[in-house]
Amino acid sequence: MEHQPKISTVEAFIMIIIGIIADILSIFPGINILVGISMAGMMFYLKNKGIMSIVNLIAYIAEYIPLLSILPLYSAGLIATIIIDRNPKLSAAVEKAALAKGVKTPVGGLKKTA
């Protein structure tokens, strides 16, 4: 059976645009809190689609570290999630690496939540 990505091309494009806009807006103090809330909504959307990526979660948390918040981590996390979703070998390799490190649940890649 051929691998079917859970994120369509249109969704991927929209997610990348939202990530870029979020990274630009998160530069401004005060607005970055609102951006964080909206990106939490994006993570909730991905979780409802059956995708939970630790890469995206790390990027989300790192945005609240003062010097790291300068980097475009929202868009980088979303792009990494899309790449892992579209490449089953990469997803399996990331899950295998997480299991080798002693993580009981393979949250290194995309975890099936549904």
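Residues numbered from 1 in each chain as written. Predicted model: local features only at pLDDT ≥ 70, side-chain atom pairs only at ≥ 80, totals over all residues. Heavy atoms only, no water.

> Break down the side chain of Asp85 for me, citing the residues and quoting the values.
Structurally, Asp85 can be placed in helix α4 (residues 73–86). Of the side chains with opposite charge, Arg86 lies nearest to the buried Asp85, which makes no salt bridge, at 5.3 Å. At 3.1 Å, the side chain of Asp85 forms a polar contact with the backbone nitrogen of Lys6. Within the structure, the side chain of Asp85 is placed 2.9 Å from the backbone nitrogen of Ile7, a separation counted as a polar contact. (Helix = DSSP H or I, 4+ residues; strand = E, 2+ residues; numbered from the N terminus. Buried < 20%, exposed > 50% of the residue type's maximum accessible area, 1.4 Å probe, protein only. Lys, Arg positive; Asp, Glu negative; His and termini not counted. Salt bridge = Lys/Arg side-chain N within 4 Å of Asp/Glu carboxyl O. Polar contact = N/O pair within 3.5 Å; in protein donor to acceptor, adjacent residues only side chain to side chain.)

> Please give an account of the packing of helix α1 (residues 9–25) against α4 that cites residues and values.
Packing of α1 against α4 brings their axes to within 7 Å, and their N-to-C directions diverge by 160°. Between α1 and α4, the angle is such that the two are roughly antiparallel. For α1 against α4, the interelement crossing comes out left-handed. From α1, Thr9, Ala12, Met15, Ile16, Gly19, Ile20, Ala22 and Asp23 reach across to α4, where they touch Leu73, Tyr74, Ser75, Leu78, Ile79, Ile82 and Arg86. Counted by class, the contact of α1 with α4 contains ten nonpolar, three polar and two charged residues. (Axes fitted to C-alpha atoms, helices over the stretch in contact; angles between N-to-C directions. Parallel < 35°, antiparallel > 145°, perpendicular 65-115°, else oblique. Left-handed = near helix turned anticlockwise from the far one by under 90°. Contact = heavy atoms within 4.5 Å. Nonpolar A, V, L, I, M, F, W, Y, C, P; charged D, E, K, R; others polar.)

> How would you summarise a nonpolar patch on the surface if you had to cite specific residues and measurements?
Residues Val10, Phe13, Ile14, Ile17, Ile18, Ile21, Leu25, Ile27, Phe28 and Ile31 make up a contiguous nonpolar surface patch of roughly 920 Å² in combined accessible area. Looking at the nonpolar patch, the element that brings in the most residues is α1, giving seven residues. Overall, the relative accessible area of 59% leaves Ile27 in the exposed class. (Patch = residues over 30% accessible without salt bridge, like charges linked within 9 Å, V, L, I, M, F, W, Y side chains within 5 Å. Areas by Shrake-Rupley, 256 points an atom, 1.4 Å probe, with all protein chains shown as cover.)

> Could you give me a rundown of the nonpolar core, with the residues and numbers involved?
In terms of nonpolar packing, the biggest core is built from 14 residues, with Ile7, Met15, Met39, Leu46, Tyr74 and Leu78 touching the most fellow members. Within the residue set of this core, elements represented by two or more residues are α1, α2 (31–48) and α4. Excluding anything up to four places from it in sequence, Ile7 contacts Ala12, Met15, Leu46, Ile51, Thr81, Ile82, Asp85 and Arg86. (Core = buried A, V, L, I, M, F, W, Y, C linked by side-chain atoms within 4.5 Å.)

> Requested: an account of the packing of α2 against α4, with residues and values cited.
It is at 12 Å that the axes of α2 and α4 come closest, and there the two elements cross at 5°. Taken together, the axes of α2 and α4 lie roughly parallel to each other. Residues Val35, Gly36, Met39, Met42 and Leu46 of α2 form the contact with α4, whose participating residues are Tyr74, Leu78 and Thr81. Per-class residue counts for the contact of α2 with α4 are six nonpolar, two polar and no charged.

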